[in-house]
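Structure assessment
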Amino acid sequence: MPDDRTSPADSHPDRRGLLLVLSGPSGVGKTTIARRLLESIPRAEFSVSATTRPRTPAERDGVDYHFLSDADFARRVDRSEFLEHAEYAGFRYGTLRDQVENALAAGRTILLDIDVQGARQVRDARPDALLIFILPPGEAELLDRLRARRREDEAAIQRRFAQAQREIAVAKEPRLYDALVVNDDLDQTVEEILGLVTARAGRGP
């Protein structure tokens, strides 16, 4: 069945696409929001990050991540092949520049799910990007969400919570993110972000 959704990029084939960055602490619902956005935005794709983290049996190279050796990752950094890269929990993660540039040149929206370290690099490299940070309704609710996942013991949860507090503080720095969106109601959050995307995509070239 044809997709009858339209966007400014659809009506102006020569217009470059949109680089959309989502950040937010663990437990804020970022992954669910990203999936909803990809379903709602025409000609949107998710950026597959590169990592030095070992691949799990359930993961597919090039689909879940581009799995690289430490040496290969370092070589790509030296050749400026990453739009952004950062280290987390002893492993390196990064966004390959070619994937982003190819999507933008084709007039597509490309969505990056990255942390505040990476977002700062994207802001410097691509001032035209739309950067959005997802906030929890409150710190107490975020802590409840982390516990409700039942993935980690209390000590690990407290470490994640402390990291989340640091990320939120950075996100509130002036001119880093274009918008801070509170994820209190999923449908409303998605609609608010779609409104921001439409407003940015509707600007002149």
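Our structure's up above, just so we're on the same page.
What you see is a predicted model, and the numbers here were worked out from it, not measured in a lab.

**Structural notes on the sheet that holds strand β3 (residues 50-51)**
- Taken together, the four strands give an open sheet; going across it, the order is β4-β3-β6-β5, and neighbouring strands pair in mixed fashion. Each edge of the sheet is formed by a strand with only one pairing partner; in this case those strands are β4 (66-67) and β5 (82-88).
- Direction of pairing for β5 relative to strand β6 (residues 91-96): antiparallel, over a ladder of six bridges. Paired with Glu87 across the bridge in β6 is Arg92.
- Helix α3 (residues 70-78) contacts β3, β5 and β6 of the sheet and is inclined by roughly 45° relative to β6.

**Things to note about the packing of helix α2 (residues 30-40) against helix α8 (residues 186-201)**
- One way to put it is that α2 packs onto α8 with a least axis distance of 10 Å and a crossing angle of 55°. With respect to their mutual orientation, α2 and α8 come out oblique. Our pair here, α2 against α8, has a crossing hand that is right-handed. Along the contact surface, α2 presents Thr32, Ile33, Arg36, Leu37 and Ser40, while α8 presents Leu186, Asp187, Thr189, Val190, Ile193 and Leu194.
- Of the residues contributing to the contact of α2 with α8, the split by class is six nonpolar, three polar and two charged.

**Points about the pattern of salt bridges**
- Within this structure, the stated rule accounts for 16 salt bridges.
- Its salt-bridge partner being Asp72, residue Arg76 comes within 3.3 Å of it at the nearest N-O pair. Of this pair, Arg76 and Asp72 both sit in helix α3, separated by four residues, roughly a single helical turn.
- When salt bridges with common partners are traced through the structure, they connect Asp72, Arg75, Arg76, Arg79 and Glu81 into a single cluster.

**Thoughts on the side chain of Ser23**
- If you trace the backbone, Ser23 turns up in strand β1 (residues 18-23).
- For Ser23, a relative accessible area of 0% gives the class buried.
- A polar contact is formed between the side chain of Ser23 and the side chain of Tyr177, at a distance of 2.8 Å.
- Residues in contact with Ser23, not counting those within four places in the same chain, are Lys30, Ile114, Asp115, Ala119, Ile132, Phe133, Ile134 and Tyr177.

**Here we look at the packing of aromatic side chains**
- Under the counting rule described, the total for this entry stands at four aromatic pairs.
- Each ring, one from Phe133 and one from Tyr177, has its centre 5.3 Å from the other, and the planes form 70°; the classification is edge-to-face. With Phe133 in strand β8 (residues 130-135) and Tyr177 in the loop between α7 (154-171) and β9 (179-182), this pair connects stretches of sequence that are 44 residues apart.
- Given a relative accessible area of 0%, Phe133 falls into the buried group.

**Things to note about the sheet that holds β1**
- Ordered in space as β2-β7-β1-β8-β9, the five strands form an open sheet in which the pairing is parallel. Two strands in the sheet have a free side with no partner beyond their single neighbour: β2 (44-46) and β9. Each adjacent strand pair in this sheet contributes to an overall mean axis angle of 25°, direction not counted.
- Where β1 meets strand β7 (residues 109-113), five bridges bridge the pair, whose relative direction is parallel. Paired with Leu18 across the two strands is Thr109, which belongs to β7.
- Helix-sheet contacts for helix α4 (residues 97-105) involve β1, β2 and β7, and the interaxial angle to β7 is about 150°.

The rules behind each value
- All residue numbers here refer to positions counted from 1 along the written sequence of the relevant chain.
- A pLDDT threshold of at least 70 governs which residues receive local features in this predicted model, and a stricter bar of 80 or more applies before side-chain atom pairs are shown or counted, although totals over entire chains, interfaces and linings include all residues.
- Values reported for side chains reflect all heavy atoms of the structure, with hydrogen atoms and water molecules removed beforehand.
- DSSP bridges decide pairing: two strands pair if at least two such bridges lie between them.
- Secondary structure elements follow DSSP: runs of H or I no shorter than four residues count as helices, runs of E no shorter than two count as strands, and numbering proceeds from the N terminus.
- Residues count as neighbours in contact if any of their non-hydrogen atoms are within 4.5 Å of one another.
- The axes are straight lines fitted to the C-alpha atoms, using for helices just the contacting stretch, and the angles between their N-to-C directions are given from 0 to 180°.
- Under this scheme an angle from 65 to 115 degrees is roughly perpendicular, one under 35 degrees roughly parallel, and one over 145 degrees roughly antiparallel; angles in between are oblique.
- Handedness of a crossing is defined here by the sense of rotation of the near helix relative to the far one, left-handed for an anticlockwise turn of less than a right angle and right-handed for a clockwise turn.
- Under the convention adopted here, Pro, Cys and the residues Ala, Val, Leu, Ile, Met, Phe, Trp and Tyr are nonpolar, Asp, Glu, Lys and Arg are charged, and Gly plus all remaining residues are polar.
- Salt bridge, as used here: a side-chain nitrogen of Lys or Arg that lies within 4 Å of a carboxyl oxygen of Asp or Glu.
- Think of it in three bands: with a 1.4 Å probe and only protein chains considered, a residue is buried below 20% of the maximum accessible area for its type, exposed above 50%, and partly exposed in between.
- Any N or O atom pair separated by 3.5 Å or less is treated as a polar contact, with the protein-specific requirement of one donor-capable and one acceptor-capable atom, and with residues adjacent in sequence counted only for side-chain atom pairs.
- In summary, the pairing rule links any two rings of Phe, Tyr or Trp, Trp by its six-membered ring, whose centres are within 6.5 Å, and it sorts them by plane angle into stacked for under 30 degrees, edge-to-face for over 60 and tilted for everything else.

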